Amino acid sequence: MDKAIDKGYSLRQDAFGMTGYYQSWEKNFAKKWNFKRPIIMEGGWIIAPGKHRYWTDPSGKYREGHDEDVRKGEFDLSAEAHVNMMDFRAGGETESWFKSFDLVQRFTAEGGYRVYPDQIKLPQDIRSGAAALISHRWQNMGWGYLPNNIPQWNYKYKVAFALLDASGNVKKIFIDHQSEPSVWLKGAGVNYNLKVKIDLPAGIYSWAVAIVDTTKDSKPAIQLALNEELTPQGWTKLSVIRVK
């Protein structure tokens with residue numbers, strides 16, 4: 001398993017919430033790979049009561065006739081394992097999540113990755129051809145992580161700032177190659193400083209930010225956890241800059 005995961009396979013455990021199957025070895029294995037590979041959760045089985053007697057789980061936490069107990073159990077273990085994805089299941093299992101819809105809402109708000117910049121310092125007035133410093137800090141509200149470090153992606157997602165003209169056209173893109181989304185973990189902001197040269201004709205422009213795919217013409221690729229309106233190209237507009 002270690003050899004396969006090291007080559008790029010993600011982790012998946014098929015019995016979150018079923019403590020007879022998800023035990024200390026499985027927990028420790030997940031912990032070993034936290035934030036190195038994504039973990040996918042498949043939850044406990046509640047259908048076919050004659051076959052899956054979930055209330056006999058070794059944890060002693062599940063009541064017969066209360067499949068919502070299983071959902072809470074798997075949710076808690078998923079949070080502990082920092083899973084990137086929860087499997088809400090089909091084939092008779094999905095209905096039970098409506099009894100625990102608050103957990104669905106919590107995963108939407110807390111699970112996976114929720115990355116955003118909480119501080120950005122940008123020049124607002126500059127001479128054409130002059131150098132400028134962009135300072136930015138990034139946070140992750142999710143308990144998972146943005147798996148930019150998997151071999152398939154090979155660190156292709158980076159923070160970028162753009163200068164847009166009055167029509168919203170991108171006139172310049174500055175990529176911060178030092179930025180690394182896979183290290184942004186919940187509760188720990190990461191700071192960066194980027195030096196750029198503003199070599200544009202005099203005029204009024206708008207700053208914009210995005211996480212771009214450097215293998216696809218540096219186009220915005222990752223949705224940010226922000227409420228601001230996006231441009232048609234996917235950039236989040238920030239402040240105005242006057243180039244003299």
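It should be emphasised that the depicted structure is a prediction, and the values quoted were computed from it without experimental measurement.

A. Summary view of the overall build of the chain. A tally of helices and strands in the chain yields five helices and 12 strands. For a compact globule of 244 residues, the expected C-alpha radius of gyration is about 18 Å, and the chain comes in at 22 Å, more than 25% above that figure. Considered along the principal axes of its C-alpha atoms, the chain spans approximately 75 × 40 × 30 Å. Across the 244 residues in the chain, those meeting the buried criterion constitute 46%. Contacts in the chain between residues at least 24 apart in sequence constitute 71% of all its contacts with a sequence separation of at least 6. A total of about 13000 Å² of accessible surface is found on the chain, and carbon and sulfur atoms cover 50% of it. Of the side chains in the chain, 33 bear a positive and 28 a negative charge, and the two mean positions are spaced by 8 Å.

B. Geometry of the confidence of the model for the chain. Chain-level statistics for the chain give a pLDDT mean of 92 and a share of 96% at 70 or above. When the elements of the chain are averaged for pLDDT, helix α4 (residues 94-99) gives the smallest value, 82, and strand β7 (residues 157-164) the largest, 98.

C. Structural context of the nonpolar core. Core analysis: the largest hydrophobic core is formed by 27 residues, its most contacted members being Trp138, Phe161, Leu163, Trp184, Ile198, Trp207 and Ile211. Within the residue set of this core, elements represented by two or more residues are β6 (130-140), β7, β9 (190-198), β10 (203-213) and β12 (236-243).

D. The arrangement of the packing of aromatic side chains in detail. A complete count under the given rule lists 10 aromatic pairs for this structure. Ring plane angle 85 degrees and centroid distance 6.0 Å describe the contact between Phe35 and Tyr145, whose orientation is recorded as edge-to-face. Linking Phe35 in the loop between α2 (24-32) and β2 (39-43) with Tyr145 in the loop between β6 and β7, this pair joins segments that are 110 residues apart in sequence. What makes Tyr145 buried here is its relative accessible area of 1%. Ring plane angle 5 degrees and centroid distance 6.2 Å describe the contact between Phe98 and Phe101, whose orientation is recorded as stacked. Classification of Phe98 as exposed rests on a relative accessible area of 62%.

E. View of the side chain of Ser78. Of note, Ser78 is situated in helix α3 (residues 68-81). For Ser78, a relative accessible area of 0% corresponds to the buried category. Leaving out residues up to four positions away in the same chain, Ser78 has contacts with Phe16, Met41, Val83, Met86 and Trp143.

F. Region of the structure containing the packing of α3 against helix α5 (residues 101-110). Running from amino to carboxyl end, α3 crosses α5 at an angle of 15 degrees, the nearest separation of the two axes being 10 Å. Accordingly, the angle class assigned to the pair α3 and α5 is roughly parallel. Handedness of the α3/α5 crossing: left-handed. Residues Arg71, Lys72 and Phe75 of α3 pack against Leu103, Arg106 and Phe107 of α5. Class assignment of the residues belonging to the contact of α3 with α5 gives a composition of three nonpolar, no polar and three charged.

G. Structural context of unusual backbone geometry. The phi dihedral of His82 falls on the positive side, at around 60 degrees, and the residue is not glycine. Take His82: it is sitting in the loop between α3 and β3 (85-87). The exposure class of His82 is partly exposed, given its relative accessible area of 26%. Even without glycine at this site, Asp217 takes up a positive phi of about 60 degrees. Relative to the helices and strands, Asp217 is located in the loop between β10 and β11 (219-222).

Calculation criteria
- Residues numbered from 1 in each chain as written.
- Predicted model: local features only at pLDDT ≥ 70, side-chain atom pairs only at ≥ 80, totals over all residues.
- Heavy atoms only, no water.
- Helix = DSSP H or I, 4+ residues; strand = E, 2+ residues; numbered from the N terminus.
- Rg over C-alpha atoms; globule rule 2.2 N^0.38 Å.
- Buried < 20%, exposed > 50% of the residue type's maximum accessible area, 1.4 Å probe, protein only.
- Contact = heavy atoms within 4.5 Å.
- Areas by Shrake-Rupley, 256 points an atom, 1.4 Å probe, with all protein chains shown as cover.
- Lys, Arg positive; Asp, Glu negative; His and termini not counted.
- Charge placed at Lys NZ, Arg CZ, Asp CG, Glu CD.
- pLDDT = per-residue confidence, 0-100.
- Core = buried A, V, L, I, M, F, W, Y, C linked by side-chain atoms within 4.5 Å.
- Phe/Tyr/Trp six-rings, centres within 6.5 Å; stacked < 30°, edge-to-face > 60°.
- Axes fitted to C-alpha atoms, helices over the stretch in contact; angles between N-to-C directions.
- Parallel < 35°, antiparallel > 145°, perpendicular 65-115°, else oblique.
- Left-handed = near helix turned anticlockwise from the far one by under 90°.
- Nonpolar A, V, L, I, M, F, W, Y, C, P; charged D, E, K, R; others polar.

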